[in-house]
Amino acid sequence: MVARLSARLGSSNPERPLADRRSRIGVGGSDFFRVLPHDPFDPRGDPMRHTLAGSSATATLLLALLATATTVSLEAQDWPSFRGADALPIADDDPRLPLTWSTTENVVWKTPIDGLGWSSPVVWGNRIFVTTVVSDGESQEPRMGLYFPFGSPQSTDDGRFPEPGPGDLMEREEDVHHWLVYALDFDTGQVVWTSEVDTGAPQFDRHLKNTYASATPVTDGERVYAYFGNVGVFAFDMNGALVWDQRFEPEDTRLGWGPAASPVLHEDTLFIVNDNDGQSFVIALDAATGAERWRRDRDEGTNWSTPFVWQHEARTELVTAGSDQVRSYDLDGNELWHFRGLNSISIPQPFSANGLLYVTSGYVGDAVRPVFAIRPGARGDITLQRRQRSNDSIVWYQDAAGPYHPTPLVYGDYYFTLLDRGFFTVHDARTGEELYLTEQQVLSQEVRRRVARGTGGFTASPWAYNDKIFVLSEDGDTYVLDTADDFNVVATNSLGEVAMSSPAIARGSLFVRTRSHLWRLTNQSR
């Protein structure tokens, strides 16, 4: 598309259009289960369950309205799933949310987390949940950056990569492992309870950069659902008691890299997509009982993308990204639409903003790294034909803007993409137009910009608040980009540990998981 210098003033509300800004440059049941109890937890009550007393109907109505508002307000402050409640990791403006931090600055608490896990923390009420897998032996440490075949359990013979040398391939670990769910106290960071859902030597492989606990749990405030791909899904009450479980037989994944997609929850249904090299499937489970509501086999190989529940005026649908096809299902498991066009590895999660659905993939070894923006109401095959960049269902398409690991972010009218190798791009979220925000970009006609000199790789997805976009490198450094100042870096915050998990945001605090710790960060000057 035609490039232009089009910078708009940032907004913390992703649904509120951004005001145009004048250019300064002037260019246009379980086989094994154990609960280790700590302090008991009294879950936060629902204000709507309280009995309203009084003789005045008006007073009763007012109290009911206040209770409803309180419930909505409390729910808005939780972070129940991967990338937040709406898969759009943006927090309302809040002076308590930190701009800067370090290992000593603006740290409320820092809690050690044993084992290895890149699942994100989720927050509900006074509890924070994370998953991990602890080995009785020595686990290989994660290695930052992009590399192959080193760290992969298997190599490929397609001629694009060198033959693996001695010790390059990741061998399956034989020591006994423990699959764990932790609940931490919001205020103190202390571990309240730990539940062990499985133990034994792993029955499947993983990539060196992956973990056996990469899927993020999800919670509805009554139960927390912890999914370990190739092991099963386990539902606990908020005190750590097992409510139900559903186990899955291990399946081979592409090159032995292991699974990583997270579950999603809509009302009383839990959805899980398990794409593998055996028989891929999507399953809907009753959240209260674990009973299977429906299951659909998928003609897909291995993918690592978390599904997305897309709610719009026409309907609610479950969107699944895949390297063979992107598919959408209704809530009864019937396919609504599909299209081809993602590249060979699908990792970013689909998401919605400004009335559009965004689907992308960006494996760095492929020439095409596409982004699709889709309008609601699609039916059937909506695949773009050759040389098409839009059709009745696809609003816009870019063929070289997709990221490999991080899911993009829509902040106001900005479509922000963080690339694994330390670059980012900005597009108009409504049109897909490339936005050139600096004079150098205008002169070079290059939409890509480096985050900062000397940055490492990036796996965690970006997030935003207070007119800033935050990007967390694998080195544990967070770079703060000011949307009101041409996305220039205004702060760099280091925690000194490898980091690949996407953070959580709740009630004025940022929760960052690094290799061995969970951090609660807040602006302590307020």
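Quick caveat, the model's predicted, so the values are computed rather than measured.

## Observations concerning the environment of Val224
Assignment of secondary structure puts Val224 in strand β8 (residues 223-228). The class of Val224 is buried, set by a relative accessible area of 0%. For the pair Val224 and Met238, spaced 14 residues apart in the sequence, the C-alpha separation amounts to 6.8 Å. Among all residues touching Val224, those that are not within four sequence positions of it are Phe129, Trp193, Pro217, Val218, Thr219, Phe234, Ala235, Phe236 and Met238.

## A short note on the packing of aromatic side chains
For any pair of aromatic rings, the description rests on two quantities: the centre-to-centre distance and the angle between the ring planes. Evaluation of the coordinates by the stated rule reveals 33 aromatic pairs. Ring centres 6.1 Å apart and planes at 50° place the aromatic pair Trp109 and Phe511 in the tilted group. Highlighted residues: Trp109 in strand β2 (residues 107-112) and Phe511 in strand β33 (residues 509-513), separated in sequence by 402 residues. Relative accessible area serves as the criterion here: at 0%, Phe511 is assigned to the buried category. The interplanar angle of 55° and the centroid separation of 6.3 Å between the aromatic rings of Phe458 and Tyr479 together place this pair among those described as tilted. Separated by 21 residues along the polypeptide, Phe458 in the loop between β27 (449-450) and β28 (463-465) and Tyr479 in strand β30 (residues 477-482) bring together distant segments of the chain. The burial state of Phe458 is the same as that of Tyr479; both residues are buried. Each residue in the set Trp101, Trp463, Tyr465 and Phe470 is aromatic and connected to the rest through ring pairs, giving one cluster.

## Focus on the sheet that holds strand β7 (residues 218-219)
One open sheet holds the four strands; their spatial order is β7-β8-β9-β10, and the pairing between them is antiparallel. The open sheet terminates on both sides in strands that have one partner only, identified here as β7 and β10 (242-247). Where β7 meets β8, two bridges bridge the pair, whose relative direction is antiparallel. Considered in β8, the bridge of Thr219 is made with Val224.

## Section: the environment of Thr431
With respect to the helices and strands, Thr431 occurs in the loop between β26 (423-428) and α2 (439-444). Judged by its relative accessible area of 36%, Thr431 is partly exposed. Taking the C-alpha atoms as reference points, Thr431 and Val395, 36 residues apart in sequence, are found 7.4 Å from one another. Engagement of the side chain of Thr431 in a polar contact is seen with the backbone nitrogen of Glu433, the distance being 3.2 Å.

## Looking at unusual backbone geometry
Look at the link from Phe148 to Pro149: it is a cis peptide, with omega at 10°. Within the secondary structure, Pro149 sits in the loop between β4 (127-135) and β5 (177-185). A positive phi angle is found at Arg83, which is not glycine, with a value near 65°. Relative to the elements of secondary structure, Arg83 occurs in the loop between α1 (57-76) and β2.

## As for a negative patch on the surface
A contiguous patch of negative charge, built from Asp136, Glu138, Glu171, Glu174 and Asp175, is present on the exposed surface. Considering the arrangement of structural elements, one finds Glu138 in the loop between β4 and β5. We classify Glu138 as exposed; its relative accessible area is 74%.

## A word on the confidence of the model for the protein
Considering every residue of the protein, the mean pLDDT works out to 88; 86% of them sit at 70 or more. Considering only residues more than four positions removed or in separate chains, one finds that residues 1-75, a stretch of pLDDT under 50, has 141 contacts.

## A closer look at the nonpolar core
One finds Trp337, Tyr358, Ile374, Phe416, Val451, Val471 and Phe487 to be the most contacted residues of the largest nonpolar core, which totals 50 residues. In contact with Val471, not counting residues within four places along its chain, are Phe416, Leu418, Val451, Phe458, Pro462, Asp477, Thr478, Tyr479 and Leu481. Ala91, Ala499, Ala506 and Phe511 belong to the second-largest nonpolar core, a separate cluster that totals 33 residues.

Conventions we followed
- Residues numbered from 1 in each chain as written.
- Predicted model: local features only at pLDDT ≥ 70, side-chain atom pairs only at ≥ 80, totals over all residues.
- Heavy atoms only, no water.
- Helix = DSSP H or I, 4+ residues; strand = E, 2+ residues; numbered from the N terminus.
- Buried < 20%, exposed > 50% of the residue type's maximum accessible area, 1.4 Å probe, protein only.
- Contact = heavy atoms within 4.5 Å.
- Phe/Tyr/Trp six-rings, centres within 6.5 Å; stacked < 30°, edge-to-face > 60°.
- Pairing = 2+ DSSP bridges.
- Polar contact = N/O pair within 3.5 Å; in protein donor to acceptor, adjacent residues only side chain to side chain.
- Patch = residues over 30% accessible without salt bridge, like charges linked within 9 Å, V, L, I, M, F, W, Y side chains within 5 Å.
- Areas by Shrake-Rupley, 256 points an atom, 1.4 Å probe, with all protein chains shown as cover.
- Salt bridge = Lys/Arg side-chain N within 4 Å of Asp/Glu carboxyl O.
- Lys, Arg positive; Asp, Glu negative; His and termini not counted.
- Charge placed at Lys NZ, Arg CZ, Asp CG, Glu CD.
- pLDDT = per-residue confidence, 0-100.
- Core = buried A, V, L, I, M, F, W, Y, C linked by side-chain atoms within 4.5 Å.

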